[in-house]
Amino acid sequence: MSDPTPVIDDLREESEELDALVAELSPEDWRRATPAPGWTIAHQIAHLNWTDRAALAAVTDEDGFRALVEQALAAPDRYVDDGAEEGAKQDPAALLTAWREGRAALDEALRTAAPGARFPWYGPPMATASMATARLMETWAHGLDIAAALGVTRPPTGRLRHVARIGVRARDFAHAAHGLTPPAEPFRVELTGPGGDLWTYGPEDATQRVTGPALDFCLLATQRAHRADLALTAEGPDADRWLDIAQAFAGPPGAGRPPGAGRPAQGEPR
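Worth saying up front: this structure is predicted, and the values here are computed from it rather than measured.

Reading the values: rules and limits
Residues numbered from 1 in each chain as written. Predicted model: local features only at pLDDT ≥ 70, side-chain atom pairs only at ≥ 80, totals over all residues. Heavy atoms only, no water. Helix = DSSP H or I, 4+ residues; strand = E, 2+ residues; numbered from the N terminus. Rg over C-alpha atoms; globule rule 2.2 N^0.38 Å. Buried < 20%, exposed > 50% of the residue type's maximum accessible area, 1.4 Å probe, protein only. Contact = heavy atoms within 4.5 Å. Areas by Shrake-Rupley, 256 points an atom, 1.4 Å probe, with all protein chains shown as cover. Lys, Arg positive; Asp, Glu negative; His and termini not counted. Charge placed at Lys NZ, Arg CZ, Asp CG, Glu CD. Polar contact = N/O pair within 3.5 Å; in protein donor to acceptor, adjacent residues only side chain to side chain. Salt bridge = Lys/Arg side-chain N within 4 Å of Asp/Glu carboxyl O. Core = buried A, V, L, I, M, F, W, Y, C linked by side-chain atoms within 4.5 Å.

Asks: Where do I start with the overall build of the protein chain in this structure?
Replies: Across its full length, the protein chain carries 11 helices and six strands. Scaling as 2.2 N^0.38, a compact globule of 270 residues should have a C-alpha radius of gyration of about 18 Å, and the protein chain matches this with 18 Å. In terms of principal-axis extent, the alpha carbons of the protein chain reach across some 55 × 40 × 35 Å. Burial analysis of the protein chain (270 residues in total) assigns 49% to the buried set. Sequence separation of 24 or more characterises 69% of the internal contacts of the protein chain that already satisfy a separation of 6 or more. In the form shown here, the protein chain has an accessible surface area of approximately 12200 Å², with 52% of it arising from carbon and sulfur atoms. Looking at the protein chain, you have 26 positive and 40 negative side-chain charges, and the mean spots of the two groups are 1 Å apart.

Here is the structure:
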């Protein structure tokens, strides 16, 4: 992706839609439990604020980001939950303001980054477009949890193309995160977008294939639904194994959602 502006614009739009969901919530609503065990709505926004600011450090302050990596290495199983817990202790109005300010600063940093720049991250280094895509993916995924807590449906949009793309590109990282050797051959991935168009990745003649709705693949890659509850099909043993371990996010593998929990409620696509 040569010009990162479209995905940065989509990140801003995704964030603004989520902002509209939480902007008028009462303090009691901020304490509502979400599908993520132990996480309230406040924890979800606190995590987005924390990761936005980590991304900002990666883009603008490499030494500062290195310090964040050292903190993560010191507590690899707790640093995500600890960051969310600390942020969730804030007054909701202060947390909302901090999230808005952090994502605005990141938006500016991404738009003014040098062409061709690459930034460190908790996984592989990222280009500007990839960093924006990762932030959009997290914003969408945590927004689903918030919407579920509020009993609100969020219609899937064409912005899911970014989430699907990073999920496909993270195939080898997902294997490495589970201590597995990535397959040598590329896969073919064919996903039906919310508007009915086909999104394709990989060579047409690949023997290992994944097909199904783009929404379901995005839910799988962000671990918002279990594979058993999704309409995804794998052809070939390597593709089948990938669907068991897929993750679009950096860091250690998550626990995911249990089978039978279903899919987050979705409205009509737009």
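Asks: Could you clarify how one ought to interpret the side chain of R103 in this entry?
Replies: With respect to the helices, strands and loops of the structure, R103 is situated in helix α6 (residues 92-111). Given a relative accessible area of 17%, R103 falls into the buried group. For R103, the side chain forms a polar contact with the side chain of D19, separated by 2.9 Å. R103 has contacts with S15, E16, D19 and D52, leaving out every residue within four places of it along the chain.

Asks: Just checking my understanding: could you explain unusual backbone geometry for this structure?
Replies: Generally, phi is negative for residues other than glycine and the peptide bonds are trans, each holding for most cases. For Q223, which is not a glycine, the phi torsion comes out positive at approximately 55°. Relative to the assigned elements, Q223 resides in the loop between α10 (214-221) and β6 (233-235). Judged by its relative accessible area of 13%, Q223 is buried.

Asks: Explain the side chain of T133 to me, please; I cannot follow it from the model alone.
Replies: Mapped onto the secondary structure, T133 falls in helix α7 (residues 128-150). The residues touching T133, leaving out its near neighbours within four places in the chain, are V7, H162 and I166.

Asks: What exactly am I supposed to notice about the pattern of salt bridges here?
Replies: Think of it this way: side chains of opposite charge can pair up when their charged atoms draw near. For the structure shown, the criterion picks out 28 salt bridges. The salt bridge involving R159 is made with E14; its shortest N-O contact spans 2.5 Å. A residue pair is termed long-range when its members are at least 10 positions apart, and R159 in the loop between α7 and α8 (160-169) and E14 in helix α1 (residues 5-22) qualify at 145 residues. Here R159 matches E14 in class, with each residue buried.

Asks: What should I look at first to understand the nonpolar core in this one?
Replies: A general trend in soluble globular proteins is that nonpolar side chains are found buried together. In terms of nonpolar packing, the biggest core is built from 59 residues, with L110, W121, Y122, M131, W140, L191 and W242 touching the most fellow members. Looking at this core, the element that brings in the most residues is α7, giving nine residues. Setting aside residues no more than four positions away along its own chain, L110 makes contact with I8, L11, V59, T128, M131 and A132. Residues A46, A88, W99 and I146 belong to the second largest nonpolar core, which totals 16 residues.

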